[in-house]
Amino acid sequence: MKKEQFFSRTSFLGQAKQQSRLRFKRFSRKGYALFSVLGREVLIGVLSVAVVSHAMANGVSVVEELAKDTVVREAQTLDDVVVLGSRAPLTEGETAKIVTVITSDDIHRAAVATVNDALKMATGVDVRQRGGFGVQTDISIGGGTFDQIAILLNGVNIGNPQTGHLSADFPVSLEDIERIEIIEGASSRVFGASAFNGAINIVTKKGQNTKVEGVVALEGGSFGTFGGTGRVAGKTQSLSASYRQSDGGTENSYFRQSQGYYQGNYDLKSVCLDVSLGATAKRYGANTFYSAAYPNQYESNGRFFASVGARGKLSEAFHYLVQPYWNLNTDHFQLIRGSGVGENFHRTNVIGGKVNGDYNWSLGKTAFGVEVRNESIRRTYHSDRTEVSFFLEHNIIYQKFTASMGVVANHNSGYDSKFHFFPGIDMKYRVWNTPKAQSDVFLSYNTAFRMPTFTDLFYKSPTNEGNKDLKPERVQSLRIGYRYNRSMFNVQCSMFYDWGKDMIDWVMYSPTDKYHSANFRLDNRGFSINSQLSTLNSQLSIQAGYCFIDQKRHDDVSIYKSNYAMEYLKHKVTIEPRYTLHSSLFTLHFDVAYRWQDRMGPLYKPFSLIDAKVSFIKKKYEASLSLNNITSYRYYDLSTVQQPGFWCMAGFKVKL
């Protein structure tokens, strides 16, 4: 994560002489690196520390200090890093939510090719690939479904109201990403209706240098896979483009995909403008994605995204954000490619905007805002709906205690004419906070809701039939957590219980029936634990995590089979050791990721996967080799879609 911090002009050894200013963008891990700042004014522009994929937010940014009369170093956590988790901007030391952070360094070290791959090692996240290399991926959190999370890009909701199957078409490349923030649990009062079971926010890089810099990356490997990424960035603007194609590794799973992204950040006299433009296009063989009886399915998807954010302040205490956005999606599906059977076209259009304000006063921080979204779908069927949400939140921060309480009032023209209210509260008590360690206890109760997707309501095919009378999903969620953090060790654990009402699933009522969308009740409970241990110089680190989930379903009518809701991950284990070797000429990174999971459902068996990556870095050049599914186990993430066995990728990157 990034943080602007200014240190006064002092000498660590008591010297009186003032020397020139030194600007840091990244701290070196070499043992002598600290001495380069002695007696100099230090301006830290980007303070970044490599952490494993389950780094807690309060461990992301640290600064090493030299004691006054000794060369002993100790790590001091900076508590003024702003993190996601509330309507008002709160620092990590203030916020009452646990935010899991995946940094750009984590992504580049790991054996991942896409954003979806990077999320696999997050213990509470379930990533279900429908094709090799994640050409289409369902992402869920904490036992929920792929429709029950909010997908955000720099805080803007880019989810697809047609279906959550298409929400993970990210218009950014891995080179664009500064970090990924994961918030688990019901969060509608913060992020809106779609944050039913949590949210994932992709934060992109902003310009840091006055000169223009560029990156060119090429990759190639198994199954005829090859691609490339180019990115150029200056102080206020960046532009990236990427392309990848592959035979897919399994029958009828080839793909061709491309994406482009532009970001501009402009500081005007009284306002800061953030401009984002993104586009994706892909076509692929859909194998047996939606029905095992049809192995020759085909699909193509497109997306265009645009947003403009204007940030400013009316006073030192009052800040505001005005942000309109547009998200256009296209989808072409063929149940039997080239035959016209089960063929449909969809064009989904989302036009919206939000206004948010926050006021810092003697009784705390108050945030309020409104968001308006119009969602429409055309072609195979037509539907429009407009959603209006009013948000109000107040944050009390008193010594070691934080309470963040709020409510969202939501009206959706696709349901009824009423406003529905969903309150919640998050609390945190900091047991202790010293330069060497921090300890926090968390407790929250939140309510949330989700409108059915257009597919849930209206979709019809030879194998599926929607239900226009579906009710919106509702949930009450209780969570308790604990976090302990030191410079070389941290641990985080949490427990939750969700009471779900009018939950949505696709079910069969008999062996010869179609799948129908229907409501049911669900009790969802579980716990997770994550830990990280590293050496003093961070050369060696290991992250380990475990998540357990159990659900109890209540249907008014007996069913024969469930398609999504009851195929949750009951057990998930992640272990990720990392080692870094530094020399005066080059740097070597070694990363191994082990994942074991046990999914509910008669079609699934427990399995283990091992991925590894080695990277060689010398000045502006980087070469890497990724080995995925080293044991070549042919597993299933979803239904009858078999995943590829062992595959390897070689990559080369140069910074210009």
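For the structure given in this document, a descriptive report is provided here. Keep in mind it's a predicted model, so treat the numbers as computed, not measured.

### Considering the pattern of salt bridges
Right, so step 1: Applying the stated criterion to the full structure yields 32 salt bridges.
Right, so step 2: We note a salt bridge from Arg385 to Glu375, for which the minimum N-O separation is 2.9 Å. With Arg385 in strand 25 (residues 383–398) and Glu375 in strand 24 (residues 364–379), this pair connects stretches of sequence that are 10 residues apart.
Right, so step 3: Take Arg385: its relative accessible area is 6%, and that puts it in the buried class.
Right, so step 4: You can call Glu375 buried: its relative accessible area is 9%.
Right, so step 5: Note that Arg450 is salt-bridged to Glu473, the shortest N-O span being 2.6 Å. In this pair, Arg450 sits in strand 28 (residues 437–450) while Glu473 sits in strand 30 (residues 473–486), placing the two residues 23 residues apart along the sequence. In this pair, the class of Arg450 matches that of Glu473, namely buried.

### Overview of the packing of aromatic side chains
Right, so step 1: Tallied over the full model, the rule gives 18 aromatic pairs.
Right, so step 2: One Lys or Arg, Arg87, reaches over the ring of Phe391 and ends 3.8 Å from the middle of that ring.

### Quick look at the pairing of strand 31 (residues 489–508)
Right, so step 1: Taking burial as the measure, the 20 residues of strand 31 include 14 buried ones, the bulk of the element.
Right, so step 2: Bridge count for strand 30 against strand 31 is 12 bridges, and the pairing is antiparallel. Among the inter-strand pairings, Tyr484 is bridged to a residue of strand 31, identified as Val491.
Right, so step 3: A loop of two residues connects strand 30 with strand 31, the two strands running antiparallel in sequence.
Right, so step 4: In terms of strand pairing, strand 31 meets strand 34 (residues 561–562) through two bridges, oriented antiparallel. Bridge pairing links Met508 to Lys561 in strand 34.

### Topic: the environment of Pro171
Right, so step 1: Mapping Pro171 onto the fold places it in the loop between strand 13 (156–157) and strand 14 (177–184).
Right, so step 2: Among the residues examined, Pro171 registers a relative accessible area of 1% and is labelled buried.
Right, so step 3: Taking C-alpha positions, Pro171 is 8.1 Å from Phe304, a pair spaced 133 residues apart along the chain.
Right, so step 4: If we skip the residues at most four places from it in the chain, Pro171 touches Leu153, Ile158, Gly260, Tyr261, Gly278, Ala279, Thr280 and Arg303.

### Things to note about the side chain of Asn446
Right, so step 1: You can see Asn446 is positioned in strand 28.
Right, so step 2: Among the polar contacts listed, one links the side chain of Asn446 to the side chain of Arg189, at a separation of 3.0 Å.
Right, so step 3: Here Asp426 takes part through its side chain, which lies 3.0 Å from a polar atom of the side chain of Asn446.
Right, so step 4: With residues up to four places along the chain from it excluded, the contact list for Asn446 reads Lys97, Ala186, Arg189, Pro423, Gly424, Ile425, Asp426, Val475, Gln476 and Ser477.

About the thresholds
Residues numbered from 1 in each chain as written. Predicted model: local features only at pLDDT ≥ 70, side-chain atom pairs only at ≥ 80, totals over all residues. Heavy atoms only, no water. Salt bridge = Lys/Arg side-chain N within 4 Å of Asp/Glu carboxyl O. Helix = DSSP H or I, 4+ residues; strand = E, 2+ residues; numbered from the N terminus. Buried < 20%, exposed > 50% of the residue type's maximum accessible area, 1.4 Å probe, protein only. Phe/Tyr/Trp six-rings, centres within 6.5 Å; stacked < 30°, edge-to-face > 60°. Lys NZ or Arg CZ within 6 Å of the ring centre and 35° of its normal. Pairing = 2+ DSSP bridges. Contact = heavy atoms within 4.5 Å. Polar contact = N/O pair within 3.5 Å; in protein donor to acceptor, adjacent residues only side chain to side chain.

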